[in-house]
Amino acid sequence: MDPDRARDFATAWGVPKVYPNLTELLHDVPVDLVHLCTPPASHAPLALQCLDAGVTVLVEKPPTLSLAELDTLAAAARESGAHVATVFQHRFGAGALRLRAMADAGHLGRSLLATCVTQWYRDDAYFDVPWRGRWETEGGGPTMGHGIHQFDLLLSVLGPWETVTAVAARRARRIETEDVSMALVTFADGTVASVVNSVVSPRQTSALRFDYEHATIELEHLYGYRDDDWMVTAAPGHTDVETQWALSRTDATSGHAGQLAAVYDALDAGTPPPVALADTRQTVEFIAALYASAFTGERVHRGQIGSDSPFAQRMNGTGTPWQAVTVR
(Lines give C-alpha, C1' and ligand atoms only; values in the text may rest on other atoms or scores of the structure.)
Protein backbone atom coordinates (compact mmCIF):
# COMPACT_ATOMS: atom_id res chain seq x y z
CA MET A 1 0.00 0.00 0.00
CA ASP A 2 3.02 2.29 0.48
CA PRO A 3 5.50 1.92 -2.42
CA ASP A 4 8.16 4.04 -0.69
CA ARG A 5 8.17 1.76 2.38
CA ALA A 6 8.34 -1.29 0.12
CA ARG A 7 11.35 0.12 -1.73
CA ASP A 8 13.08 1.05 1.54
CA PHE A 9 12.54 -2.46 2.84
CA ALA A 10 13.86 -3.97 -0.39
CA THR A 11 16.96 -1.81 -0.26
CA ALA A 12 17.65 -2.69 3.37
CA TRP A 13 17.39 -6.43 2.76
CA GLY A 14 18.82 -6.72 -0.75
CA VAL A 15 15.53 -7.62 -2.41
CA PRO A 16 16.01 -7.21 -6.17
CA LYS A 17 12.51 -6.12 -7.16
CA VAL A 18 9.36 -4.59 -5.66
CA TYR A 19 5.87 -5.42 -6.92
CA PRO A 20 2.74 -3.30 -6.49
CA ASN A 21 0.55 -6.35 -5.86
CA LEU A 22 0.57 -10.12 -5.51
CA THR A 23 -0.86 -10.68 -8.98
CA GLU A 24 2.14 -9.15 -10.74
CA LEU A 25 4.58 -11.03 -8.51
CA LEU A 26 2.97 -14.41 -9.21
CA HIS A 27 2.98 -13.76 -12.95
CA ASP A 28 6.57 -12.50 -13.12
CA VAL A 29 8.71 -15.05 -11.30
CA PRO A 30 8.53 -18.67 -10.11
CA VAL A 31 7.39 -18.70 -6.48
CA ASP A 32 7.80 -21.58 -4.03
CA LEU A 33 6.03 -20.08 -1.04
CA VAL A 34 4.06 -16.95 -0.16
CA HIS A 35 4.04 -15.86 3.49
CA LEU A 36 0.99 -13.69 4.10
CA CYS A 37 1.64 -11.07 6.80
CA THR A 38 -1.20 -8.77 5.77
CA PRO A 39 -4.29 -7.68 7.78
CA PRO A 40 -6.78 -10.52 8.47
CA ALA A 41 -9.51 -9.62 5.97
CA SER A 42 -7.05 -9.97 3.08
CA HIS A 43 -5.84 -13.46 4.03
CA ALA A 44 -8.49 -15.54 2.26
CA PRO A 45 -8.55 -13.63 -1.06
CA LEU A 46 -4.76 -13.47 -1.28
CA ALA A 47 -4.40 -17.14 -0.33
CA LEU A 48 -6.89 -18.06 -3.05
CA GLN A 49 -4.73 -16.17 -5.58
CA CYS A 50 -1.73 -18.20 -4.49
CA LEU A 51 -3.61 -21.50 -4.73
CA ASP A 52 -4.97 -20.59 -8.17
CA ALA A 53 -1.34 -20.15 -9.23
CA GLY A 54 -0.39 -23.50 -7.68
CA VAL A 55 1.70 -21.82 -4.97
CA THR A 56 1.80 -22.97 -1.35
CA VAL A 57 0.90 -20.28 1.15
CA LEU A 58 1.77 -19.73 4.82
CA VAL A 59 -0.83 -17.53 6.52
CA GLU A 60 -0.41 -15.51 9.70
CA LYS A 61 -3.12 -15.68 12.37
CA PRO A 62 -6.03 -15.50 12.23
CA PRO A 63 -5.86 -17.48 8.98
CA THR A 64 -9.37 -16.46 7.90
CA LEU A 65 -12.26 -14.45 9.28
CA SER A 66 -14.60 -17.46 9.43
CA LEU A 67 -14.97 -21.23 9.18
CA ALA A 68 -16.63 -20.75 5.80
CA GLU A 69 -13.57 -18.94 4.43
CA LEU A 70 -11.30 -21.66 5.80
CA ASP A 71 -13.36 -24.37 4.12
CA THR A 72 -13.22 -22.43 0.85
CA LEU A 73 -9.42 -22.44 1.10
CA ALA A 74 -9.44 -26.17 1.81
CA ALA A 75 -11.49 -26.84 -1.32
CA ALA A 76 -9.19 -24.65 -3.43
CA ALA A 77 -6.11 -26.38 -2.03
CA ARG A 78 -7.49 -29.81 -2.93
CA GLU A 79 -8.14 -28.62 -6.47
CA SER A 80 -4.79 -26.91 -6.97
CA GLY A 81 -2.51 -29.42 -5.25
CA ALA A 82 -0.79 -26.58 -3.39
CA HIS A 83 -0.95 -26.31 0.39
CA VAL A 84 -2.10 -23.83 3.02
CA ALA A 85 -0.39 -23.70 6.40
CA THR A 86 -1.02 -21.43 9.37
CA VAL A 87 1.55 -19.66 11.54
CA PHE A 88 1.03 -21.07 15.05
CA GLN A 89 4.64 -20.66 16.12
CA HIS A 90 4.27 -21.62 19.79
CA ARG A 91 3.71 -25.23 18.72
CA PHE A 92 7.37 -25.32 17.65
CA GLY A 93 9.15 -24.22 20.81
CA ALA A 94 11.34 -26.87 22.41
CA GLY A 95 9.15 -27.08 25.53
CA ALA A 96 5.99 -27.71 23.51
CA LEU A 97 7.71 -30.37 21.41
CA ARG A 98 9.00 -32.06 24.58
CA LEU A 99 5.62 -31.89 26.30
CA ARG A 100 3.79 -33.48 23.38
CA ALA A 101 6.42 -36.20 23.04
CA MET A 102 6.32 -37.09 26.73
CA ALA A 103 2.52 -37.03 26.81
CA ASP A 104 2.23 -39.18 23.68
CA ALA A 105 4.72 -41.68 25.12
CA GLY A 106 2.63 -42.00 28.29
CA HIS A 107 5.33 -40.66 30.63
CA LEU A 108 2.93 -38.12 32.17
CA GLY A 109 -0.01 -40.43 32.71
CA ARG A 110 -3.58 -39.35 31.94
CA SER A 111 -4.37 -35.72 31.24
CA LEU A 112 -6.75 -34.40 33.90
CA LEU A 113 -7.04 -30.61 33.95
CA ALA A 114 -5.64 -27.58 32.11
CA THR A 115 -5.76 -23.80 32.22
CA CYS A 116 -4.88 -21.36 29.45
CA VAL A 117 -4.61 -17.64 30.11
CA THR A 118 -3.83 -14.76 27.74
CA GLN A 119 -4.13 -11.56 29.73
CA TRP A 120 -2.67 -8.79 27.60
CA TYR A 121 -3.12 -5.03 27.47
CA ARG A 122 -3.98 -2.97 24.41
CA ASP A 123 -4.87 0.69 24.94
CA ASP A 124 -7.38 2.73 22.97
CA ALA A 125 -4.71 3.98 20.56
CA TYR A 126 -3.97 0.40 19.49
CA PHE A 127 -7.45 0.23 17.99
CA ASP A 128 -6.98 3.42 15.96
CA VAL A 129 -5.59 1.19 13.20
CA PRO A 130 -8.63 1.05 10.89
CA TRP A 131 -9.00 -2.73 10.64
CA ARG A 132 -8.69 -3.46 14.38
CA GLY A 133 -11.68 -4.02 16.63
CA ARG A 134 -14.11 -4.69 13.77
CA TRP A 135 -15.84 -7.96 12.96
CA GLU A 136 -15.67 -7.46 9.20
CA THR A 137 -11.93 -6.73 9.11
CA GLU A 138 -10.39 -8.45 12.14
CA GLY A 139 -12.92 -11.22 12.64
CA GLY A 140 -13.06 -10.85 16.43
CA GLY A 141 -11.32 -9.49 19.50
CA PRO A 142 -8.68 -11.15 21.73
CA THR A 143 -10.29 -14.54 21.16
CA MET A 144 -9.50 -14.27 17.45
CA GLY A 145 -6.29 -12.29 17.36
CA HIS A 146 -4.46 -12.53 20.69
CA GLY A 147 -5.37 -15.57 22.79
CA ILE A 148 -5.29 -17.73 19.67
CA HIS A 149 -1.53 -18.24 20.19
CA GLN A 150 -1.96 -19.87 23.60
CA PHE A 151 -5.10 -21.91 23.12
CA ASP A 152 -3.81 -23.27 19.81
CA LEU A 153 -0.86 -24.61 21.80
CA LEU A 154 -3.31 -26.00 24.37
CA LEU A 155 -5.30 -27.74 21.63
CA SER A 156 -2.16 -29.11 19.98
CA VAL A 157 -1.22 -30.79 23.28
CA LEU A 158 -4.63 -32.04 24.43
CA GLY A 159 -6.08 -33.12 21.11
CA PRO A 160 -9.72 -32.95 19.99
CA TRP A 161 -11.99 -30.74 22.06
CA GLU A 162 -15.60 -31.80 22.57
CA THR A 163 -17.66 -28.97 24.11
CA VAL A 164 -17.35 -25.24 24.85
CA THR A 165 -19.34 -23.14 27.31
CA ALA A 166 -18.32 -19.49 27.12
CA VAL A 167 -18.93 -15.84 27.86
CA ALA A 168 -17.61 -12.77 26.03
CA ALA A 169 -17.91 -9.11 26.92
CA ARG A 170 -16.84 -5.63 25.94
CA ARG A 171 -15.62 -4.15 29.21
CA ALA A 172 -13.39 -1.18 28.40
CA ARG A 173 -12.49 -0.60 24.73
CA ARG A 174 -14.70 1.30 22.31
CA ILE A 175 -14.70 -1.41 19.67
CA GLU A 176 -17.24 -3.64 17.94
CA THR A 177 -15.74 -6.89 19.18
CA GLU A 178 -15.26 -8.31 22.66
CA ASP A 179 -12.25 -7.28 24.72
CA VAL A 180 -12.49 -10.29 27.10
CA SER A 181 -13.75 -13.87 26.83
CA MET A 182 -13.72 -16.98 29.01
CA ALA A 183 -14.52 -20.59 28.20
CA LEU A 184 -14.89 -23.94 29.92
CA VAL A 185 -13.82 -26.74 27.61
CA THR A 186 -14.09 -30.53 27.65
CA PHE A 187 -11.84 -32.77 25.58
CA ALA A 188 -12.33 -36.16 23.96
CA ASP A 189 -10.17 -37.87 26.59
CA GLY A 190 -12.17 -36.31 29.44
CA THR A 191 -9.74 -33.47 30.25
CA VAL A 192 -11.43 -30.27 31.42
CA ALA A 193 -9.88 -26.86 30.79
CA SER A 194 -10.50 -23.15 31.19
CA VAL A 195 -9.46 -20.53 28.62
CA VAL A 196 -9.21 -16.77 29.31
CA ASN A 197 -8.53 -14.10 26.66
CA SER A 198 -8.14 -10.39 27.45
CA VAL A 199 -6.72 -7.13 26.13
CA VAL A 200 -7.63 -5.11 29.24
CA SER A 201 -5.13 -6.58 31.73
CA PRO A 202 -2.33 -4.17 32.80
CA ARG A 203 -0.10 -6.95 34.16
CA GLN A 204 0.38 -8.91 30.98
CA THR A 205 1.01 -12.63 30.96
CA SER A 206 0.56 -15.74 28.85
CA ALA A 207 0.22 -18.87 30.98
CA LEU A 208 -0.61 -22.51 30.48
CA ARG A 209 -0.87 -25.28 33.04
CA PHE A 210 -1.33 -28.98 32.34
CA ASP A 211 -2.16 -31.30 35.24
CA TYR A 212 -1.40 -34.93 34.45
CA GLU A 213 -1.50 -37.96 36.73
CA HIS A 214 2.27 -37.92 37.15
CA ALA A 215 3.16 -34.23 36.95
CA THR A 216 2.06 -30.63 36.54
CA ILE A 217 3.64 -28.86 33.56
CA GLU A 218 3.46 -25.05 33.62
CA LEU A 219 4.48 -22.28 31.25
CA GLU A 220 4.43 -18.54 31.89
CA HIS A 221 5.82 -16.03 29.40
CA LEU A 222 4.56 -13.14 27.29
CA TYR A 223 5.32 -13.13 23.56
CA GLY A 224 7.77 -16.02 23.29
CA TYR A 225 9.03 -18.65 25.70
CA ARG A 226 12.36 -20.25 26.57
CA ASP A 227 12.97 -23.43 28.53
CA ASP A 228 13.45 -21.37 31.69
CA ASP A 229 9.78 -20.32 31.39
CA TRP A 230 8.59 -23.91 31.95
CA MET A 231 8.20 -25.53 35.36
CA VAL A 232 7.69 -29.24 36.07
CA THR A 233 6.34 -30.50 39.40
CA ALA A 234 6.30 -34.27 39.73
CA ALA A 235 3.61 -36.13 41.63
CA PRO A 236 4.85 -38.26 44.54
CA GLY A 237 6.73 -41.27 43.22
CA HIS A 238 7.27 -39.81 39.74
CA THR A 239 10.43 -37.71 40.03
CA ASP A 240 11.65 -39.42 36.85
CA VAL A 241 9.42 -36.98 34.95
CA GLU A 242 11.52 -34.03 36.13
CA THR A 243 14.70 -35.90 35.25
CA GLN A 244 13.48 -36.74 31.76
CA TRP A 245 12.31 -33.18 31.12
CA ALA A 246 15.75 -31.80 32.04
CA LEU A 247 17.59 -34.11 29.64
CA SER A 248 16.74 -32.10 26.52
CA ARG A 249 16.82 -28.50 27.74
CA THR A 250 17.71 -25.79 25.22
CA ASP A 251 18.16 -22.03 25.10
CA ALA A 252 16.04 -21.63 21.97
CA THR A 253 13.10 -19.21 22.08
CA SER A 254 9.73 -20.11 20.61
CA GLY A 255 8.87 -18.02 17.59
CA HIS A 256 8.64 -17.90 13.84
CA ALA A 257 12.13 -19.30 13.23
CA GLY A 258 11.21 -22.78 14.44
CA GLN A 259 8.07 -23.03 12.36
CA LEU A 260 9.65 -21.48 9.27
CA ALA A 261 12.47 -24.03 9.44
CA ALA A 262 9.89 -26.83 9.58
CA VAL A 263 7.98 -25.33 6.65
CA TYR A 264 11.10 -25.04 4.49
CA ASP A 265 12.16 -28.58 5.39
CA ALA A 266 8.75 -29.81 4.26
CA LEU A 267 9.03 -27.93 0.96
CA ASP A 268 12.47 -29.46 0.37
CA ALA A 269 11.07 -32.92 1.12
CA GLY A 270 7.99 -32.41 -1.04
CA THR A 271 5.63 -32.97 1.89
CA PRO A 272 2.77 -30.79 3.22
CA PRO A 273 4.05 -28.06 5.54
CA PRO A 274 2.89 -27.82 9.15
CA VAL A 275 0.36 -26.56 10.42
CA ALA A 276 -2.00 -27.89 7.70
CA LEU A 277 -5.64 -26.90 7.28
CA ALA A 278 -6.94 -29.95 9.16
CA ASP A 279 -5.03 -28.81 12.27
CA THR A 280 -5.97 -25.19 11.68
CA ARG A 281 -9.66 -26.04 11.41
CA GLN A 282 -9.73 -27.50 14.92
CA THR A 283 -8.56 -24.14 16.28
CA VAL A 284 -10.81 -21.98 14.09
CA GLU A 285 -13.81 -24.17 14.89
CA PHE A 286 -13.01 -23.76 18.59
CA ILE A 287 -13.11 -19.97 18.15
CA ALA A 288 -16.44 -20.16 16.33
CA ALA A 289 -17.83 -22.41 19.07
CA LEU A 290 -16.64 -20.03 21.79
CA TYR A 291 -18.41 -17.11 20.15
CA ALA A 292 -21.52 -19.19 19.43
CA SER A 293 -21.75 -20.24 23.07
CA ALA A 294 -21.08 -16.72 24.35
CA PHE A 295 -23.71 -15.11 22.11
CA THR A 296 -26.43 -17.78 22.39
CA GLY A 297 -25.91 -18.86 26.01
CA GLU A 298 -25.73 -22.51 24.95
CA ARG A 299 -23.07 -25.20 25.23
CA VAL A 300 -21.63 -25.90 21.77
CA HIS A 301 -20.34 -29.30 20.65
CA ARG A 302 -17.55 -29.96 18.15
CA GLY A 303 -19.10 -30.47 14.71
CA GLN A 304 -22.29 -28.63 15.67
CA ILE A 305 -21.56 -25.51 13.60
CA GLY A 306 -22.60 -26.59 10.11
CA SER A 307 -22.05 -24.67 6.89
CA ASP A 308 -25.51 -23.07 7.20
CA SER A 309 -24.85 -21.73 10.71
CA PRO A 310 -24.46 -17.95 11.02
CA PHE A 311 -21.39 -18.67 13.18
CA ALA A 312 -19.78 -20.48 10.24
CA GLN A 313 -20.25 -17.41 8.05
CA ARG A 314 -18.97 -14.87 10.60
CA MET A 315 -17.69 -15.11 14.12
CA ASN A 316 -20.30 -12.74 15.56
CA GLY A 317 -23.00 -14.99 14.14
CA THR A 318 -26.42 -13.90 15.37
CA GLY A 319 -25.04 -10.69 16.88
CA THR A 320 -23.44 -9.50 20.09
CA PRO A 321 -25.30 -8.85 23.36
CA TRP A 322 -23.76 -5.41 23.78
CA GLN A 323 -24.83 -2.18 22.16
CA ALA A 324 -23.21 -1.29 18.86
CA VAL A 325 -20.67 1.52 18.81
CA THR A 326 -19.44 3.78 16.04
CA VAL A 327 -15.88 2.74 15.24
CA ARG A 328 -13.56 5.21 13.59
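A brief report on the enclosed structure follows. Computed from a predicted structure; not experimentally measured. Numbers given to residues run from 1 along each chain, matching the order in which its sequence is written. The model is predicted, so local features are restricted to residues of pLDDT at least 70 and side-chain atom pairs to those at 80 or more, both for listing and for counting; the totals for chains, interfaces and linings are taken over all residues. Only heavy atoms go into the side-chain values, all of them from the structure, while hydrogens and water stay out.

### Considering the packing of aromatic side chains
Applicable threshold: In this analysis, rings of Phe, Tyr and Trp, with Trp reduced to its six-membered ring, are considered paired at centre separations within 6.5 Å, and the interplanar angle assigns stacked below 30 degrees, edge-to-face beyond 60, and tilted for intermediate values. Only runs of H or I of at least four residues qualify as helices and only runs of E of at least two qualify as strands under DSSP, and these elements are numbered from the N terminus. Three labels apply to residues, based on accessible area from a 1.4 Å probe with only protein chains included: buried if under 20% of the type maximum, exposed if over 50%, partly exposed otherwise in between. Charges are assigned to positions over rings by a cutoff of 6 Å between ring centre and Lys NZ or Arg CZ, combined with an angular limit of 35 degrees from the ring normal.
Across all of its chains, the model carries 11 aromatic pairs by this definition. An angle of 55° between the planes, with centres 5.1 Å apart, marks the rings of Phe151 and Phe286 as tilted. Of this pair, Phe151 sits in helix H8 (residues 148–158) while Phe286 sits in helix H11 (residues 277–296), and the two are 135 residues apart along the sequence. We note that Phe151, like Phe286, is buried. Ring geometry for Tyr291 and Phe295: centres 5.8 Å apart, planes at 25°, overall stacked. Of this pair, Tyr291 and Phe295 are both found in helix H11, four residues apart, which corresponds to roughly one turn of the helix. The pair Tyr291 / Phe295 is uniform in exposure class, with both members buried. Put simply, the rings of Trp135, Tyr291, Phe295 and Trp322 pair up and form one aromatic cluster. Directly above the ring of Tyr126 sits Arg122, whose terminal nitrogen or CZ lies 5.4 Å from the centroid.

### A few points about the sheet that holds strand S6 (residues 180–187)
What counts, and what does not: A pair of strands is treated as paired once DSSP finds two or more bridges between them. Contacts between residues were defined by any pair of non-hydrogen atoms, one from each residue, lying within 4.5 Å. Structural elements are reduced to axes, namely lines fitted to C-alpha atoms, with helices fitted over the stretch in contact, and the angle between N-to-C directions of any two is expressed from 0 to 180 degrees.
Reading across the sheet, the eight strands line up as S10-S9-S8-S4-S7-S6-S5-S11 and stay open at both edges, with mixed pairing between neighbours. The sheet is open, and its two borders are formed by strand S10 (230–234) and strand S11 (300–301), each paired with just one other strand. Against the sheet, H11 contacts strand S5 (161–169), S6, strand S7 (192–198) and S11, and its axis sits at roughly 50° relative to S5.

### What about a nonpolar patch on the surface?
Which entries qualify depends on this criterion: A residue counts toward a patch only above 30% relative accessible area and without a salt bridge, and it is joined to like-charged neighbours within 9 Å or, for Val, Leu, Ile, Met, Phe, Trp and Tyr, to nonpolar neighbours within 5 Å. Residue burial considers only the protein chains on display, and all accessible areas are found by Shrake-Rupley using a 1.4 Å probe. Salt bridges are identified by distance alone: a Lys or Arg side-chain nitrogen within 4 Å of an Asp or Glu carboxyl oxygen.
Among the surface-exposed residues, Phe9, Trp13 and Val15 lie close enough to one another that they form a single nonpolar patch of about 370 Å² accessible area. In this structure, Val15 sits in the loop between helix H1 (3–13) and helix H2 (22–28). Residue class for Val15 comes out partly exposed when judged on its relative accessible area of 35%.

### Some thoughts on the side chain of Ser201
Filter applied, for reference: Polar contact criterion, stated in full: a pair of N or O atoms within 3.5 Å, where within protein one must be able to donate a hydrogen and the other to accept it, and residues adjacent in sequence count only if both atoms are side-chain atoms.
The residue Ser201 is located in strand S8 (residues 200–212) in this model. Of the polar contacts made by the side chain of Ser201, one reaches the side chain of Ser198; its length is 2.8 Å. Aside from chain neighbours lying at most four places away, what touches Ser201 is Gln119, Trp120 and Tyr121.

### As for the pairing of S8
The sheet contact formed by strand S4 (residues 111–121) and S8 spans nine bridges and is antiparallel. Each bridged residue has a counterpart across the sheet, and for Tyr121 the counterpart in S8 is Val200. As judged from the six bridges shared by S8 and strand S9 (residues 215–221), these two strands associate in the antiparallel manner. Residue pairing in the sheet places Ala207 in a bridge with Glu220 of S9. Counting the residues between successive antiparallel strands, the hairpin from S8 to S9 contains two residues.

### Examining H11
Defined as follows: The length a helix should cover is 1.5 Å for every residue beyond the first.
Along its 20 residues, H11 runs 27 Å from first to last C-alpha, staying within 8% of the 28 Å computed at 1.5 Å per residue. Counting buried residues in H11 gives 16 out of 20 residues, a clear majority hidden from the surface. Directly after H11, the chain includes Gly297, whose backbone phi takes a positive value near 80°.

### Focus on the sheet that holds strand S1 (residues 33–36)
One open sheet holds the three strands; their spatial order is S1-S2-S3, and the pairing between them is parallel. For this open sheet the edge positions go to S1 and strand S3 (84–86), each flanked by a neighbour on one side alone. Along the sheet, successive strands turn relative to each other by an average axial angle of 20°, direction set aside. Bridge count between strand S2 (residues 56–59) and S3: three bridges; the pairing is parallel. Bridging across to S3, Val57 finds its partner in Val84. Those strands touched by helix H3 (residues 43–52) are S1, S2 and S3, and its axis lies near 180° from that of S1. The sheet strands contacting helix H10 (residues 256–269) are S1, S2 and S3, and the helix crosses S1 at an angle near 155°.

### Concerning the environment of Glu176
Within the element layout of this structure, Glu176 appears in the loop between S5 and S6. Since its relative accessible area comes to 26%, Glu176 is described here as partly exposed. Put simply, Glu176 and Glu136 are 40 residues apart on the chain and 9.7 Å apart in space, counted from C-alpha to C-alpha.

### Some remarks on the environment of Arg7
In this structure, Arg7 sits in helix H1. What makes Arg7 partly exposed here is its relative accessible area of 45%. C-alpha separation for the pair Arg7 and Thr23, spaced 16 residues apart in sequence, amounts to 18 Å.

Treat this as a map of the structure, not an account of what it does.
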